[in-house]
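A structural walkthrough
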Amino acid sequence: RLLSSRALLPPPPRSDRHPSSSATLTMSGYDEGQVFWSDQQLSDKTQNVQGLVQAFKKFIREFPAGLEFPYRDQLRKNTAMHEHRLEVNLDDLNSFDQESYTQVHDRPAEMLPHFEAAAKEVYAGMVVGKRDDDAPIPDIQVILTTTSEPTGMRDLAAKHYSKLVHVQGIVIQAGKPTVKATAIMLQCKSCKITKEVYVKPGLEGCVFPRVCDNRSADGSRNDCGLDPYNIIAEKSTYVDIQKLKIQELPEQVPTGEMPRHIVVTLDRHLVGRIMPGAVISASGIYTIQAGAGKPGKLGANSGAVRQPYLRVVGISEATGVGGRMTDTDFTAEEEGKFNQMASDPDFFAKMQRSIAPSIFGHDDIRTALALSMFGGQSKDVNGKHRIRGDINVLLLGDPGTAKSQFLKYVEKSMSRAVFTTGKGASAVGLTAGVHKDPITREWTLEGGALVLADTGVCLIDEFDKMSDQDRTSIHEAMEQQTISIAKAGITTVLNTRTSVLAAANPTFGRYDDMKSAVDNIDFQTTILSRFDMIFIIRDTREEERDKRIARHVMGLHAAGANSPMVEGEIDLETLRRYVCYARHKCKPRLSAAGAKRLQDEYIRIRQRLAQAGGPNGDAAPAIPITVRQLEAIIRISESLAKITLSPIATERHVEEAVQLFKESTEDAASRGLMQDGMTSGQMLKDVQRSEEMIRGKLGIGMWVPERSLVADLASKGVSETAARRAMSIMLQRQELELRSQGKYVCRKR
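Cut-offs used in this document
Each residue is numbered by its place in its chain's sequence as written, counting from 1. The predicted nature of this model means local features are confined to residues of pLDDT at least 70 and side-chain atom pairs, given and counted, to a pLDDT of 80 or more, with totals for whole chains, interfaces and linings taken over all residues. No hydrogens and no water enter the side-chain calculation; it runs on all heavy atoms of the structure. A pair of strands is treated as paired once DSSP finds two or more bridges between them. By definition, any uninterrupted DSSP run of H or I lasting at least four residues is a helix, any uninterrupted run of E lasting at least two residues is a strand, and each is numbered from the N terminus. Axis angles are defined between N-to-C directions and span 0 to 180 degrees, where every axis is a line fitted to C-alpha atoms and, for a helix, only to the segment in contact. Only the six-membered ring of Trp is used, alongside the rings of Phe and Tyr, when aromatic pairs are assigned; centres must lie within 6.5 Å, and planes under 30 degrees apart are stacked while those over 60 apart are edge-to-face, with the rest tilted. Each residue gets one of three labels from its accessible area relative to the maximum for its type: buried under 20%, exposed over 50%, partly exposed in between, using a 1.4 Å probe on protein chains only. Polar contact criterion, stated in full: a pair of N or O atoms within 3.5 Å, where within protein one must be able to donate a hydrogen and the other to accept it, and residues adjacent in sequence count only if both atoms are side-chain atoms. Note on contacts: a residue pair qualifies if any of its non-hydrogen atoms lie within 4.5 Å across the two residues. Should the near helix be turned anticlockwise from the far one by less than a right angle, the crossing is left-handed, and should it be turned clockwise, the crossing is right-handed. Classification used: nonpolar for Ala, Val, Leu, Ile, Met, Phe, Trp, Tyr, Cys and Pro, charged for Asp, Glu, Lys and Arg, polar for all others including Gly. A residue's pLDDT is the confidence the predictor assigns to it, expressed on a 0 to 100 scale. Each helix should span, by expectation, one fewer than its residue count multiplied by 1.5 Å. Criterion for a salt bridge: a side-chain nitrogen of Lys or Arg within 4 Å of a carboxyl oxygen of Asp or Glu.

So, about the sheet that holds strand 31 (residues 744-747). The antiparallel open sheet is built from 3 strands, whose spatial order is 29-31-30. This sheet does not close on itself; its edge strands, each paired only once, are strand 29 (703-705) and strand 30 (736-739). Taking the axes of each pair of neighbouring strands and ignoring which way they run, one obtains an average angle of 30 degrees across the sheet. Summarising the sheet, strand 30 and strand 31 pair through 4 bridges and their orientation is antiparallel. Bridged to leucine 738 within strand 31 is valine 745.

See the structure below:
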């Protein structure tokens, strides 16, 4: 007989042993006469495993934090709430036992089961005498976290295979939680013998035996046929599992390249904790997915080429990136620097000049973009009603007025920003959609641009190129800041707590002063009312202004990257950090005096627009001034206070907010209502009549002196203002052309 236990007999003398050979020792007292002893490698392996388990048990029981033992207390607290998990910070393990940390980092797939076995033994020792002896001890899941620097998705390579890696990213797709077997109980159809097959974790599977292992009394294998086993589902063991897809953070993607993504799997207590749009920090085992390939080929479908994925052993929502900050993300030196900056009386002007410094003019738009970056203060009324604090801005203007440049600068200035275009975005791409996985055939939830920009800013260029159906889909996202999904059995609500900055061109390319804002941009009133500020940017032809713009552009191009106009008074990184600090720290509220002033101003604005509409209301404002606009002024006031880290939005902040609202939304709403003392209905009729008279007087290609044309129209009862307005509109449409330094008018078409 061959006995592997050393406890049955003493070891042979040292001189008779050799590490690579077996020794034989004759002993008396045994009937068989001889006993064989072997120094097997399995014993050393078992001894090593027991040593690792003991080391992990010692860490859980004895790791100190002052006068407390946090992991032992955490295990007792979690199991008391029937949550059989233990969260371990790898930095603590490294400081307590560096060798165990190295083993976990280099061989996580092998070490993690031993770590969980140690946690289970510690828990079993805690409940001795407190539960039935026959009750099974539940498994304990060990969740690993770390504060180390994350590895970029672009840096993951073959050298990281089977190692523990730490990554950060944004969740763009989440599958439904499903169930996976960890141990499958099989039963032979013929001899009824049972066999348990263990399944590897992650996306790995298992192979069922093709023949029965049962043997008869004489040692021969029973002939139970091929594939004799059936699965006994009720005796198998299962765990919850979920699959996510995470993508690089926007600030980590190099310019001009596609963002990288990786599939991750969660199991047990990690399932169901993360939704699309969340910025996560995940620690996991970098491994490859097993798949069947075509023999004899080395390509995408061959067995030698596998798809990598991350088997997560610890996950949490990240802070310090993507706009999500905590108190620990700012140092005392930074806080002191930011408070000193905010106390500067000229700080607001410096902030304004630092927004897109390479663009000439448009100070009011710079202010609006700064307010949108900082945002107002959201309010949650008793947990039942939420009022948004983010500020939405629409830039409507002629081509070449730097609208897209403004949006691009905001994208660089914000820690979390998503840029898209109206032509290249659909309703699903902006909100969220449900897609079927081509491999598993399961429905997965995938967030769009507004979901990915949660707690940040979403920038939409060419907003007018979107279809009406796509624009309608973002109504809920812009006001309620949620997206409701009810498709393919998935019913959920996703957060879209984001500011929307949109840029659009007028309907016919250039803005027509004789038409209202709705006529110029062809938007529905419902979408216009959701913008807090609407700016109309005109490319006016003024000689002095054109000279200043030309000098600015020439100076910018001559100096290149060294131009002081490229970098503002506050550098981009400082501006980004300051915005994050103000959004996290400052929660301003409206003062009583400011609220009274705001109430009076809101009533005056409503009265002015009602009077401008005429007695019959035939010239109603293009953009209705409703309670939404009152809330918009409140948000603007709070944002003005937040820029200077003021806890109270005072009456002065309200005055500035009202003035900015008048220069933007109210101005856009009243355009076309009053023109030189006439209502828009009267002026519009005179201008249309003048256009018809000009077309009747001038044939295509004919010339006429400009003064004589205006005088001729005035002699027929048309005012000079209406005549010149008609000529200006026809010049913009390129129906007319000025020649000889504007002395003659020529009809082109």
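For the coordinates displayed, the defined rule picks out 13 aromatic pairs. Ring plane angle 90 degrees and centroid distance 5.9 Å describe the contact between phenylalanine 463 and phenylalanine 531, whose orientation is recorded as edge-to-face. Here phenylalanine 463, found in the loop between strand 20 (457-461) and helix 12 (468-472), pairs with phenylalanine 531, found in the loop between helix 15 (525-528) and strand 24 (533-537); they are 68 residues apart in sequence, far enough to count as distant. For the pair phenylalanine 463 and phenylalanine 531, one class covers both residues: buried.

Right, let's get into the sheet that holds strand 16 (residues 393-397). Spatial strand order, 17-20-23-16-24: 5 strands in an open sheet with parallel pairing. The outermost strands of the open sheet, each flanked by one partner alone, are strand 17 (417-421) and strand 24. Mean inter-strand twist for the sheet, computed between neighbouring axes without regard to direction, equals 15 degrees.

Now for the side chain of glutamate 601. Within the secondary structure, glutamate 601 is located in helix 18 (residues 592-612). A polar contact is formed between the side chain of glutamate 601 and the side chain of arginine 604, at a distance of 3.1 Å. In contact with glutamate 601, other than residues within four places in its own chain, are Val658 and Lys662.

Our next topic: the environment of arginine 85. Relative to the helices and strands, arginine 85 is located in strand 4 (residues 85-89). With 35 residues separating them along the chain, arginine 85 and lysine 120 place their C-alpha atoms 9.8 Å apart. Arginine 85 has contacts with Leu75, Asn78, Ile140, Gln141, Ile143 and His269, leaving out every residue within four places of it along the chain. Side-chain polar atoms of arginine 85 contact the side chain of glutamate 83, separated by 2.7 Å.

Where helix 8 (residues 363-374) contacts helix 9 (residues 403-413), the axes come no closer than 11 Å and their chain directions differ by 35 degrees. Crossing of helix 8 over helix 9 shows right-handed handedness. On helix 9, the residues touching Ile365, Arg366, Leu369 and Met373 of helix 8 are Phe406, Val410 and Ser413. Residue composition of the contact of helix 8 with helix 9, grouped by class: 5 nonpolar, 1 polar and 1 charged.

Its location among the elements puts phenylalanine 115 in helix 5 (residues 108-126). Here phenylalanine 115 is in contact with Phe56, Phe59, Ile60, Val88, Leu93, Val142 and Leu144, once residues within four sequence places are set aside.

With that settled, consider the confidence of the model for the protein. Of all residues in the protein, 80% have pLDDT values of 70 or greater, and the mean over the chain is 76. Contacts of residues 614-619 to residues separated by more than four positions or lying in other chains number 5 contacts, the stretch itself having pLDDT below 50. Low pLDDT, under 50, characterises residues 672-679; the stretch is placed with 18 contacts to residues that sit more than four places away or in other chains.

Before going further, it helps to spend a moment on helix 5. If you check helix 5, its first and last C-alpha atoms are 26 Å apart, about what 19 residues at 1.5 Å a residue would give, namely 27 Å. Turning to helix 5, its buried residues are Pro108, Met111, Leu112, His114, Phe115, Glu116, Ala118, Ala119, Val122, Tyr123 and Met126.

Counted according to the given criterion, the structure contains 32 salt bridges. The residue glutamate 692 makes a salt bridge to arginine 695 at a minimum N-O spacing of 3.3 Å. Here glutamate 692 and its partner arginine 695 are both found in helix 21 (residues 680-697), 3 residues apart, which amounts to about one turn of the helix. Counted as one network, the salt bridges with shared partners bring together Arg388, Glu479, Asp532, Arg628 and Arg635.

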